[in-house]
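Each chain, written out:
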Protein chains: 2
Amino acid sequence: MENELTREFLERLELMIENEDSMAITKELEDLHPSDIADIMESLSMAEAKFIFDHLDDEITAEVLIEFDEDYRVKFVKLLSTEEMVGQISNLETDDAADILGEMEDEEKDEIISQLEDKEHASEITDLLKYDEDTAGGLMHKEFFQARAHWAVDRCVVELRRQTEDVERVYTIYVVDENDILLGILSLKRLLFADPKEKIENIYNNEKIQFVKAHAKAEEVAEIMEKYDLVSLPVVDRQHKLVGRITIDDVLDVIKEEAGKDYQMASGISENLEASSTVMKNTRSRLPWILIGLAGGVGASQIIKGYEVQIDLNPALAFFIPLIVATAGNVGVQSSAIIVQGLASKDFQFQGLFRQVGKETLVGILVGIICSLIIFGINFAIGGDILLGTTIAISLFLVVVIAAILGAMVPLLLDRIKIDPALATGPFITTANDIIGLTIYFVVAYFVYL
Amino acid sequence: MENELTREFLERLELMIENEDSMAITKELEDLHPSDIADIMESLSMAEAKFIFDHLDDEITAEVLIEFDEDYRVKFVKLLSTEEMVGQISNLETDDAADILGEMEDEEKDEIISQLEDKEHASEITDLLKYDEDTAGGLMHKEFFQARAHWAVDRCVVELRRQTEDVERVYTIYVVDENDILLGILSLKRLLFADPKEKIENIYNNEKIQFVKAHAKAEEVAEIMEKYDLVSLPVVDRQHKLVGRITIDDVLDVIKEEAGKDYQMASGISENLEASSTVMKNTRSRLPWILIGLAGGVGASQIIKGYEVQIDLNPALAFFIPLIVATAGNVGVQSSAIIVQGLASKDFQFQGLFRQVGKETLVGILVGIICSLIIFGINFAIGGDILLGTTIAISLFLVVVIAAILGAMVPLLLDRIKIDPALATGPFITTANDIIGLTIYFVVAYFVYL
C-alpha cells in the first residue's frame, strides 16, 4: 500500500527478465497483491509480461488475469495455450471464469470448458455464460453457502466447513427450503452464538430480505446494494430458487461505469472508450459527436447568412458571435449536467418536472441579469456603441435564460420517455443552444437597429 | 424492493397524517427500510415529515436521519429539540453520530454531547469530530471488534458475544497486542472452525494486511478498498495503534462523489452542487464558470475585431465562426475527458505523457481530415466560393488537431504539477480553444485571401 510502483522498480524488473533470473522475479513479486502485479505487467512489453506470468504460481496468475484491464486481457489471453487457459480457469471463481471466457471466441471457449476436470465447476460456468453481462446473472457467482431450514446449527457448521474452500468470503448464509427456494438469511455471527441443537428455521431472519431476479439489470443491482448498504445480495430465478450471489466488489465497477457513462456522454464520446483504447476505436467513437457539432455549425452559418444585412450595416455584430454561443453552451451544459446527476441519484423522484425547470429558470434569470449587466457595464465604460451594447446585453439575458430552461427540460423529458437523459448533454445541447442563441442575437439586433 | 413508491401511496399517507391516524402510519411504514422512509419524508412537507418522525420508533428514526440528504437533514434537525437529538444520537453508530453533529452549530453540538448518558459513546464521538470529514478519520467508526493476540479462541468468542451489540456487522476481527497496536486480522469463519483452546496469535493472518492512517485522504481510502476488493479496512494512528474501522458502505459515497466531481468540473460547476441545492447556491456555484466563458467571449471579440478588414472584404467569413469554435470546443472536451478519466482510473501510470499526447494527435489528425473533407465537399457540391471553402477546410483541420493536443496536454501537465486535471476540462478548455481556433481561422483566411 505504501509501496508505490516506481520507474526504478520497473527497470530493475526488466533487467531481471533480460537475465532470465526467475528466482529474483518470484522473490520480488510474491508478496505483492495480484492487482499490483497486473499493473506492473501492463506497463511492460507483452514478452516481458508473459515471462513473469510463466514464473508465477498458478493461483496468483489466475488472480492477475482478473485484475487486467479488459482490453489488455483480451490481447494477453491470446498468448496462452488452451492447456494453460484450462489451468487458469480451474483456479478462478465461477463469475471471474465466465467473464474471461465470455471475452473469447466460441470455439476456444467450448474447448477450454470441455477440458475442465471439475465438471461441477464447468457446468456452473456454462450456466453463468448464459446470462447477459449487464444483468444480475452476469454479475453473480455460484460460490455461496446455503443452509436448509430444517438443519440444526451443528450440521450447518459441519456443512459450512465442508464447503468453505469454495466460498471465498462468507458474510451471510442463505437459508433455503428443500427445493432451494430462498427463505431468508442468517448471519455468521448468529450462527457462532447459537445453540448447536437449535434448528436453522428458528433463528434465521426472513424479514425485509433483499434479493434480485437473475434477469434484473446490473444498474438495478447496484442501486439496491447501494441504497440498502449491502455487502452481498442473493440472486433468484423466476421460481424464486436461489441461483447465485453478488458481492459488492463486483458492483463497484458497475457503479463507477454508470458515473463514467454520464461524463462520457456529456463529453461527446459514444461506445465504452478508455484512455488505453486504440486510435481507430477513439476516432470511431468520437467522430459522430464531432459531426453533429459540424452539422450544427453549418446550420449556424445559414442563420448568420440570413442576417447578412445586419452584419453589413454593423460589422461589430460579428465580433460577439463567439460570446453569445459560448455562454449559451456553458449555461446549457451546466443545467443539463445538474439534472442528469439529479436523475441518476434519484434526488427528485417526487418533485416533478415543473419544480426543477422552475428552479433552473430562476438560476438562468439571475445569471442572465449578472452577465448582461457586466457586458453592458464594460461596453459603457470603454465608451462602446450603445446600440451594440444594448443588443448584446438583451440577447445575452434571453440566451442564458432559454439555455438554462432547455438544458433542464430536455433531459427531464428524455427521462420521461425512457431515453438516457445523458444523451441531452454535451454536443446535442451545445449545438441546439448555438443555433437558438444566434437566432435570438440577430433578431434582437434587428429590432434594436430598426 | 419490488415496492416502488407511488404518488397514490404518498397521497394515502398524507390523508393519514391529516387525520392524525398514527396507528395506520406506523403500520404502513414499519416494514419499510429507513432509506425508503427517508425518501418518503423528503417528498412530504416539513410538518408532515415531523409528524411521521414523532410516531416512529427511536431506533428507526435515528436510521432515517442518516438516510436523509445532507441539505434536507440540516433543515430537519432544526425542528428537533436538544432532548430529542440526544435520544437520536444515542441510537446511532459513532461515525453517523459524528456526521450529524458535525453539521450543527458548536454550541448545540456540545450541549447534545454533554447530555449523552453513555459517556464512552460520547467520548468516541468527540474523538471522531476531531478529524476532517475528508480523511480516513472522518470516515471511520469506533465500533469494531478487536482481539488480543494472547487470547484463546474461546475467550475471543465470549468477548465477541459481549461486544456484539456494539458492532453492527462483523466481517473481520482485528488482532492487536497489549498496546492496541494492529498486528493482523482474523476472519469470523476462521474463528468458527478453530479449536477453542488455540491462541489467537497462532491462527491470525499478518501477511499483506491493508490499513490506512487516520489522516489519509478519503480518496486514498476509496482507492485502496477498491483496488484490493475490501469490505472493511482498519484505521491506525501515527503509533500504528488501531483507532477505527471503515466499511465499504461509507466509501461508496466517496467513490461516487469522486466520479461526480470530474463530471461537475467538466460541466463547469464548482462547489458540491446537487439538484436539490437552492437557487442561490446554484447561482453562486455556476456563475464563476460562466464569467470565465464571458471573458473568453470578450477576448474572442477583440481577435475578430483585429481581422475586421478580412470580414469587410468577405462577410461570409463571419458565417463560419460558430462552426470553427464549436468544433474546436467539442474536440477539446473529448480529449480532455478521456485523459481525465484515464488519470482517475490510473490507466496509464507508466506510459508517460508523450504516448498519450501522440495518440491524441493521431486521433486529431484523422478527425480533422474527415471534417475538412466533408466541409470542402459540401462547399464544392453547392458551388460555394472555393477560397472560402479552402479557408474553412484548412483551418478546421488545424483547429481540430491543436484542440486535440491541447485537450490532452493540459490535464496531463496539471496532473504533473499536482493540480486536479479535471479543472482543465469544461469552460477553461472550451474558452482557450475558442480563442486559439478563431486566431487560426483568421490567420488562414489572411493568407488564403492574400
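Focus on the nonpolar core
Core analysis: the biggest nonpolar cluster contains 263 residues, and A:Val221 and B:Val221 have the highest contact counts within it. Discounting chain neighbours no more than four positions away, the residues touching A:Val221 are A:Ala136, A:Leu139, A:Val212, A:Ala216, A:Leu233, A:Ile246, A:Val251 and A:Val254.

Some thoughts on the domain arrangement of chain A
When its domains are assigned, chain A resolves into domain 1 (7-134), domain 2 (146-249) and domain 3 (279-448). Here the C-alpha centre of domain 3 of chain A lies 52 Å away from the C-alpha centre of domain 2 of chain A.

Focus on the interface of chain B and chain A
Counting residues at the interface gives 98 residues for chain B and 98 residues for chain A. Looking at the side of chain B that touches chain A element by element, the count peaks at 16 residues for helix α17 (residues 279-306) of chain B. When grouped by side-chain class, the residues that make up the side of chain B that touches chain A number 54 nonpolar, 25 polar and 19 charged.

Comments concerning the sheet that holds strand β1 (residues 146-148) of chain A
All names here are of chain A. Reading across from one edge, β1-β2-β3 is the order of the 3 strands in this open sheet, with mixed pairing throughout. Either end of the sheet is taken by a strand with one partner, and the two such strands are β1 and β3 (182-187). On average, adjacent strands in this sheet sit at an angle of 35° to one another, irrespective of strand direction. Relative to β3, strand β2 (residues 172-176) runs antiparallel, the two being bridged by 5 bridges.

A few points about the sheet that holds strand β1 (residues 146-148) of chain B
In a beta sheet, neighbouring strands are held together by backbone hydrogen bonds and run either parallel or antiparallel to one another. Residues and elements named next belong to chain B. Across the sheet, which stays open at both edges, the 3 strands sit in the order β1-β2-β3 with mixed pairing between neighbours. Sheet topology places β1 and β3 (182-187) at the edges, where each strand pairs with a single neighbour. Within the sheet, the average angular offset between the axes of one strand and its neighbour, ignoring direction, is 35°.

Examining the relation of the copies chain B and chain A
With an RMSD of 0.2 Å, chain B superimposes on chain A once it is rotated by 180° and translated 0.0 Å along the axis. Here the transformation between the copies is reduced to the relation of a two-fold axis. Using C-alpha coordinates, one finds that chain B approaches the rotation axis most closely at B:Tyr263, a distance of 2.5 Å. Counting the interface residues of chain B, we find that 100% of their copies in chain A are interface residues as well, pointing to one common contact surface.

What about the packing of α17(B) against helix α23 (residues 427-448) of chain B?
Residue and element names in this part refer to chain B. Where α17 meets α23, the closest approach of the two axes is 9 Å, and the angle between their N-to-C directions is 5°. The orientation of α17 with respect to α23, classified from their angle, is roughly parallel. In contact with Trp289, Ile292, Gly293, Gly296, Gly299, Ala300, Ile303 and Ile304 of α17, α23 contributes Pro427, Phe428, Thr431, Asp434, Ile435, Leu438 and Thr439. Grouping the constituent residues of the contact of α17 with α23 by class yields 9 nonpolar, 5 polar and 1 charged.

Quick notes on the confidence of the model for chain A
Residue and element names in this part refer to chain A. Taken as a whole, chain A shows an average pLDDT of 86; of its residues, 95% reach a score of 70 or greater. Between the elements of chain A, mean pLDDT differs from a low of 79, seen in helix α13 (residues 188-193), to a high of 95, seen in strand β4 (residues 212-213). On the interface metric, ipTM, the complex scores 0.72, and its pTM is 0.74.

Digging into unusual backbone geometry
All names here are of chain A. Positive phi outside glycine occurs at Asp180, with the angle close to 70°. Phi at Asp229 takes a positive value of approximately 50°, unusual for a residue other than glycine. Mapped onto the secondary structure, Asp229 falls in the loop between α15 (218-227) and β5 (232-236). Overall, the presence of 18 C-beta atoms within 10 Å leaves Asp229 in the partly exposed class.

So, how was this worked out
Residues numbered from 1 in each chain as written. Chains lettered and ligands numbered in written order. Predicted model: local features only at pLDDT ≥ 70, side-chain atom pairs only at ≥ 80, totals over all residues. Core = buried A, V, L, I, M, F, W, Y, C linked by C-beta atoms within 7 Å. Buried ≥ 20, exposed ≤ 12 C-beta atoms within 10 Å, placed from the backbone. Contact = placed C-beta atoms within 7 Å. Domains from an automatic or database assignment. Helix = DSSP H or I, 4+ residues; strand = E, 2+ residues; numbered from the N terminus. Nonpolar A, V, L, I, M, F, W, Y, C, P; charged D, E, K, R; others polar. Pairing = 2+ DSSP bridges. Axes fitted to C-alpha atoms, helices over the stretch in contact; angles between N-to-C directions. Least-squares fit on C-alpha atoms with pLDDT ≥ 70 in both. Parallel < 35°, antiparallel > 145°, perpendicular 65-115°, else oblique. pLDDT = per-residue confidence, 0-100.

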